[in-house]
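The primary structure of each chain is shown beneath.
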Amino acid sequence: MRFQLQARTGYPDFLDLPWTERLEDWTCDRLVEVPRGLHRHVVRTVEYGDRRFFLKALPPRLAEREWRFLKHLKAEGVPVVDVVGVVRDRHDPDGGELPSVLITAQLEYALPYRLLFARSQARRLREPMLDALAHLLVRIHLVGFMWGDCSLSNTLFRRDASRLSAYLVDTETGELHEGGLSDGQRMHDLDLATERIGGELMDLVAAGLVPDTVDVLELAADLRRRYEDLWDALTQEEELEHDEHYRIHERLRRINELGYDVEEVEVEAGHDGRYRLRLRSAVIEPGRNRRRLRELTGLDVQEHQARSLLHDIDSFGAWLRQHDGVDHTPETVARRWLEHSFHGVVSLVPDHLRGRRDEAQIFHEALRFWWSESGRLGRDLDLFDATRRFVDEVLAVAPDERSIAVETEAERTLLEES
């Protein structure tokens, strides 16, 4: 009986699992049954405390590829599930070879697309979902990764302030090109994505989750348009006249507004007296707001959540300046906002409701509730009073999204079909 387990630090060692048995035959106490949909390979779920991990049986070559790809994409800042470990060289008690097993951590507060459509009005989700997918495809292409299997089924979505963030789940069919992707490779990946997503949206129409009046092929084509617009905004070369240096700053500002940073700009002078502006895709990274918020407060949240929280910090700073009669440093403002506003709001949420949203999303939604109610009444409400109402009227009836939990038998069916 032997096996080799390679796991990242900070996670359980998984040594109490029956690695010398076929994954489908396991009966250990760590196993939990969750709806996981259809898979090409055997997938089981284990639980350590309040953390869940997915175990997928794969041929050794595929397990090594996916282990390497997920680690690489994570290191490049691409939103992917956390790969925790891989178990190789497994053998049963008789010496027979067993498949390798890839271990990934459950992405908390993330939901598959079918359940999102089941729980919310589809109309409100269409554009945020397409935007999230377009950003995900652009980000993996910028780092030279060709997905080959982009679909709604291979993506998880998390609420990100008023938008959604998309996370890549499966890289079995992916290819990593260190020199970057050609335009032909990118377009092929995009063709596959629009074809598969169009089919999945048709399934939603058949399930009654999207009205049959919606042109799902047009929605799939809309993903292509969003992708191409974003790709061009980030990478397209631009010609400048000698007195148009201001356009460099305009281009950088537009990219920042899309949630990306540019750390290096290349300007080449041509023989015709014009300049060519190039932005190298390898140095374009999203997350400017996330990094700024983390520097100021230590909070690690998603990009649009960070933007919402930074805006509230700015508003709090203006109030503090008026209240104290002095200007405070950004660090002081952020520290006092964290203690007074952020922790003050989150502390009003009872423990049994904490799993409904992550803390940053709770703060953002409580803030929106406060804005909305203050506007309706024509006067400023107390933020903490508004939060108490938000907890009672909104959060208390919202589904728990920390784990993929089902509320009804219909939702279970949707997950099992996805």
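Residues numbered from 1 in each chain as written. Predicted model: local features only at pLDDT ≥ 70, side-chain atom pairs only at ≥ 80, totals over all residues. Heavy atoms only, no water.

Enquirer: Describe in detail the pattern of salt bridges, supporting the description with residues and values.
Expert: Inspection of every chain in the model, using the stated rule, returns 32 salt bridges. The shortest N-O distance in the salt bridge between E172 and K56 comes to 3.1 Å. Taken together, the residues span a long stretch of sequence, with E172 in the loop between β12 (163-168) and β13 (175-176) and K56 in strand β4 (residues 51-58) at a distance of 116 residues. This pair shows no difference in class: E172 is buried, exactly as K56 is. A salt bridge links R388 to D385, with the nearest nitrogen and oxygen atoms 3.0 Å apart. Taken as a pair, R388 and D385 lie in helix α11 (residues 383-393) at a separation of 3 residues, close to a single helical turn. (Salt bridge = Lys/Arg side-chain N within 4 Å of Asp/Glu carboxyl O. Helix = DSSP H or I, 4+ residues; strand = E, 2+ residues; numbered from the N terminus. Buried < 20%, exposed > 50% of the residue type's maximum accessible area, 1.4 Å probe, protein only.)

Enquirer: Describe helix α4 (residues 183-206), with residues and values.
Expert: Between its first and last C-alpha, α4 extends 35 Å over 24 residues, near the 34 Å set by a 1.5 Å rise per residue. Along α4, the positions that sit buried rather than exposed are R186, D189, L190, L192, A193, T194, I197, G198, E200, L201 and L204. Looking at the residues trailing α4, positive phi occurs at G208, about 80 degrees. (Expected span 1.5 Å × (residues − 1).)

Enquirer: Any chance you could break down α11 for me, citing the residues and the numbers?
Expert: Within the span of α11, buried status applies to L383, A386, T387, F390 and V391. Projected down its long axis, α11 shows its buried positions confined to an angular sector of 140 degrees, all on one face. Those residues of α11 that are buried are in contact with α9 (330-346) and α10 (359-377). Two or three places before F384, at the start of α11, stands the capping residue D382, its side-chain oxygen 3.0 Å from that residue's backbone nitrogen. (Arc of directions from axis to C-beta. Contact = heavy atoms within 4.5 Å. Polar contact = N/O pair within 3.5 Å; in protein donor to acceptor, adjacent residues only side chain to side chain.)

Enquirer: Can you explain the packing of aromatic side chains? Please cite residues and give values.
Expert: Going through the model one piece at a time under the given rule, you end up with 12 aromatic pairs. Seen in terms of ring centroids, F14 and Y48 are 5.4 Å apart; in terms of plane orientation they differ by 85 degrees. Their pairing is edge-to-face. Taken as a pair, F14 in the loop between β1 (4-7) and β2 (31-32) and Y48 in strand β3 (residues 43-48) lie far apart in primary sequence, 34 residues in all. Relative to F145, the ring of F69 lies with its centre 5.2 Å away and its plane at 75 degrees, an arrangement referred to as edge-to-face. (Phe/Tyr/Trp six-rings, centres within 6.5 Å; stacked < 30°, edge-to-face > 60°.)

Purely geometric numbers; function is a separate question.
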